[in-house]
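# A closer look at the structure
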Amino acid sequence: MDLPSSPLQDVTSHLADPCVIARVELLRVPHAWLCRVTDRDGAEGIAPGSSRLSLFTSLFKQQAEVAVGLDARRVRALSDAMWRHKSSYKFGLPTRVCIAAVEMACLDLVGQKSGKSIGDIAGGRRRDEVDLYLSHTGRHTSAEEEVALFAPRVEATGCRAIKYKVGGRMSRNADAAPGRSEAVTQALRKAVPNAELWADANGSYDADHAIEVSRMLADYGVAVFEEPCPFDDLDETKRVAEAIDMTVAGGEQDHAWPTFRQMIGDRVVDLLQPDAHYVGGLDRSLAVAGAANRAGLRVTPHSPKSGPEGVSLLHVASLVDDVAAFHEWSVHPEPNADWYAPRFAIRDGRLTVPNGPGLGLTYDPDVLARAEVVVTRSHT
């Protein structure tokens, strides 16, 4: 069964003439990676890419080679061509990370030329603001350090949910430090008593141990247990989801439609978390999310970032019908926010979805002019 349709898979209705790609570039600017796509008319689209692109530049070159000469409006066909090119599919998720950057830059290009936002191109947003949970990705911290990190940010932003780490990350039932998981859970519940707690195990446990840990989490009122078992062990994850009342979330590491199809059909999790950078872009994210919703499964995009890299989450969360109450944003403020607009200022626990053309972001031209061009592919 092919990937389901999405409102972004072919956007030819928004521009009459083809947007033939003349150049694809991967740019390094302070604090970010950007993909820039230029068409034969000289119009540009720019998308923030995953920070993991630093590991995949050789693979990105392969994807850029095939994108040059294709029509940026035909998003699904473009992505499929890049996936097949030189057997790039053999590299799985890293290939999808590269494709996602090009795909989102192409959608930004179409938006820039048509004057339409991603929401307009996709047929209209379901919501203009997105409620956030603050997310921390570290396990090196003590309970006191977690409180010092989260409590001031909850106060400053008005966010009503937070996600912290338990377990040791793919650790075969080991904690990051003896007793850390319960100590952090207890300290955060006391420090932010009104915040909804999400505990992320990053695949730390087998099913039996995860069920045991869930009882401890339930004692502190934790609402969501994310990736209790290794992400690729769907049977173990399903055992946990069926055994406990707590919401079990997962899906951030997955990129293949057959895997998502099984997760949805077998109800492996209660809450699905596709990551636009890992699944291959906005089109594929919306296709997966739509399939989940049709099966009665709620969705919250994964993206533990702040700043431009998180804009994909905002667009996906604004376009999906049935979503969770909260969506992910890094607890750490963007370190340097003077090179792009609009600023992502959290107010009352919410962010406004950018509504300008394309992805809705603009960049300081001086910063772009000084950017390191790591990859460039164009017609010679």
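Let me begin by describing the structure that accompanies this report. (Residues numbered from 1 in each chain as written. Predicted model: local features only at pLDDT ≥ 70, side-chain atom pairs only at ≥ 80, totals over all residues. Heavy atoms only, no water.)

### So, the overall build of the chain
Here is the rule: Elements are defined by DSSP. Helices are runs of H or I of four residues or more, strands are runs of E of two residues or more, and each kind is numbered from the N terminus. Put simply, the radius of gyration uses C-alpha atoms, and a globule should come to 2.2 Å times the residue count raised to 0.38. Three exposure classes are used, based on accessible area relative to the maximum for each residue type with a 1.4 Å probe and protein chains only: buried under 20%, partly exposed in between, and exposed over 50%.
Broken down by element type, the chain carries 13 helices and 15 strands. Here the C-alpha radius of gyration of the chain, 20 Å, is about what a compact globule of 380 residues would show, namely 21 Å. Along the first, second and third principal axes, the C-alpha atoms of the chain reach 60 × 45 × 35 Å. Among the 380 residues that make up the chain, the fraction classed as buried is 59%.

### Regarding helix α1 (residues 57-67)
This is how the line gets drawn: Taking the helix axis as origin, the arc is that swept by the directions to the C-beta atoms. We call two residues in contact whenever any of their non-hydrogen atoms come within 4.5 Å of each other.
Along α1, the residues that are buried comprise Leu59, Phe60, Gln63, Ala64, Val66 and Ala67. The arc that holds every buried residue of α1, seen down its axis, measures 165 degrees, which confines them to one face. Contact partners of the buried residues in α1: β1 (21-29), β2 (32-39), α2 (75-84), α3 (93-114) and β15 (372-378). Following α1 by one or two positions, glycine 69 has its phi on the positive side, about 100 degrees.

### Comments concerning the environment of serine 204
Under the convention used in this document: Here a polar contact is recorded for every N or O atom pair within 3.5 Å, except that within protein the pair must consist of a potential hydrogen donor and a potential acceptor, and residues adjacent in sequence are included only if both atoms are side-chain atoms.
By the element assignment, serine 204 lies in the loop between β6 (196-200) and α7 (207-219). Between the alpha carbons of serine 204 and proline 228 there is a distance of 6.3 Å; along the sequence they are 24 residues apart. Ignoring sequence-local partners within four residues, the contact set of serine 204 consists of Arg139, Val166, Gly167, Gly168, Arg169, Met170, Ser171, Arg172, Asn173, Glu227 and Pro228. Here the side chain of serine 204 touches arginine 169 through a polar contact of 2.9 Å, landing on its backbone nitrogen. In this structure the side chain of serine 204 is engaged in a polar contact, spanning 2.5 Å, whose partner is the backbone oxygen of alanine 201.

### With respect to the environment of glycine 111
One can find glycine 111 in helix α3. In the structure, glycine 111 is positioned 249 residues away from glycine 360 in sequence and 8.7 Å away in space, judged by C-alpha atoms.

### Re the pattern of salt bridges
Rule in force here: The term salt bridge refers to a pairing of a side-chain nitrogen on Lys or Arg with a carboxyl oxygen on Asp or Glu at a separation within 4 Å.
Taken as a whole and assessed by the stated rule, the structure comprises 23 salt bridges. For arginine 36, the salt bridge goes to glutamate 25, with nearest N and O atoms at 2.8 Å. Here arginine 36, found in strand β2, pairs with glutamate 25, found in strand β1; they are 11 residues apart in sequence, far enough to count as distant. The pair arginine 36 / glutamate 25 is uniform in exposure class, with both members buried. Taking the shortest distance from any N to any O, the salt bridge between aspartate 321 and arginine 126 comes out at 2.6 Å. Taken together, the positions of aspartate 321 in the loop between α12 (311-319) and β11 (327-330) and arginine 126 in the loop between α4 (118-121) and β4 (129-135) put the pair 195 residues apart, joining distant regions of the chain. Judged by its relative accessible area of 44%, arginine 126 falls in the partly exposed class. Several salt bridges converge on common partners, so that one network encompasses Lys163, Lys165, Asp200, Glu226 and Glu328.

### Quick notes on the packing of aromatic side chains
Spelled out, the test is: Between the rings of Phe, Tyr and Trp (Trp by its six-membered ring), a pair exists once the centres lie within 6.5 Å; its type follows the angle of the planes, with under 30 degrees stacked, over 60 edge-to-face, and the other angles tilted. Remark: a charge is flagged as sitting over a ring if the NZ atom of Lys or the CZ atom of Arg is within 6 Å of the ring centre and within 35 degrees of the ring normal.
Considering all chains together, one arrives at 7 aromatic pairs under this definition. A centroid spacing of 5.9 Å and a plane angle of 25 degrees characterise the contact between tryptophan 339 and tyrosine 363, whose relative ring orientation is stacked. Pair noted here: tryptophan 339 is in the loop between β11 and β12 (340-341) and tyrosine 363 is in strand β14 (residues 362-363), with a separation of 24 residues, a long-range link. The class for tryptophan 339 is buried, based on a relative accessible area of 4%. Ring centres 5.9 Å apart and planes at 35 degrees place the aromatic pair tyrosine 340 and phenylalanine 344 in the tilted group. An identical accessibility class is assigned to tyrosine 340 and phenylalanine 344; each is buried. Ring pairs connect the aromatic residues Trp329, Trp339, Tyr340, Phe344 and Tyr363, which therefore count as one cluster. The ring of tryptophan 83 is capped by arginine 96, whose NZ or CZ atom sits 3.7 Å from the centre of that ring.

All we've got here are geometric facts, nothing functional implied.
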